[in-house]
Amino acid sequence: MVLLAAAITTKSGKAIVSRQFMEVSRSRIEGLLAAFPKLKNADEQHTFIETENVRYVYQPMESLYFVLITTKNSNILEDLETLRLFVRVVPEYCKVMTEAEVSRCAFELIFAFDEIIALGYRENVNLSQIRTITEMDSHDENISRMLRESQIRDAKDEAKRQAKKLQREKRERGGFGG
């Protein structure tokens, strides 16, 4: 299976979030996504559409569509399985399936998409692994944060000591000079 792109679109074909996994121009992907609603028949029950060059594998998600664009020679069963994984990932990051919410969660979704697909091919991961990978903490980041907090705390303590020292000196001077 070679996956060209994964996208969440409106019913009219406007891309809300799109991730290309192969070297394909943005305008080509936008054109393919814009053509998608025109190719879809409302009365068909299929979840894929084939054209001369690509295959659209899609699933409705409330008022949106999740669309995978693959090469025609990809395995349709693998495509459908990959689509199911993508569709299960989206609610992990978006609480409601609206255009605004998907836009708000775009970066988290793209990070998750990158864990599913590498160079156009599906990685052997499941939903819990994707969740773990995207939530991973960096040990170096934690150490850096703790060091920064320690420095801030030390600076505050030093400022308090300096303030007390200045008050003490002021009192001493005030008591002698009168």
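Residues numbered from 1 in each chain as written. Predicted model: local features only at pLDDT ≥ 70, side-chain atom pairs only at ≥ 80, totals over all residues. Heavy atoms only, no water.

1. Describing the pairing of strand 2 (residues 15–20)
The pairing of strand 1 (residues 3–10) with strand 2 spans five bridges and is classified as antiparallel. Of the residues in strand 2, the one forming a bridge with Ala5 is Gln20. What sits between the antiparallel neighbours strand 1 and strand 2 is a turn of four residues, in which Gly13 has the positive phi angle 100 degrees. (Pairing = 2+ DSSP bridges. Helix = DSSP H or I, 4+ residues; strand = E, 2+ residues; numbered from the N terminus.)

2. Notes on helix 4 (residues 106–116)
The complete set of buried residues in helix 4 reads Ala106, Leu109, Ala112, Phe113 and Ile116. Burial along helix 4 is one-sided: seen end-on, the buried residues are contained in an arc of 130 degrees. In helix 4, the exposed residues that point more than 90 degrees away from the buried face are Phe107 and Phe111. (Buried < 20%, exposed > 50% of the residue type's maximum accessible area, 1.4 Å probe, protein only. Arc of directions from axis to C-beta.)

3. Focus: the pairing of strand 5 (residues 64–71)
Burial of strand 5 is extensive: eight of the eight residues sit out of reach of the surface. Pairing between strand 1 and strand 5: seven bridges, direction antiparallel. Pairing of Ala7 across the sheet is with Val67, part of strand 5. Hairpin connection, strand 4 (residues 54–61) to strand 5: the antiparallel pair is bridged by two residues, and Glu62 has positive phi, about 55 degrees.

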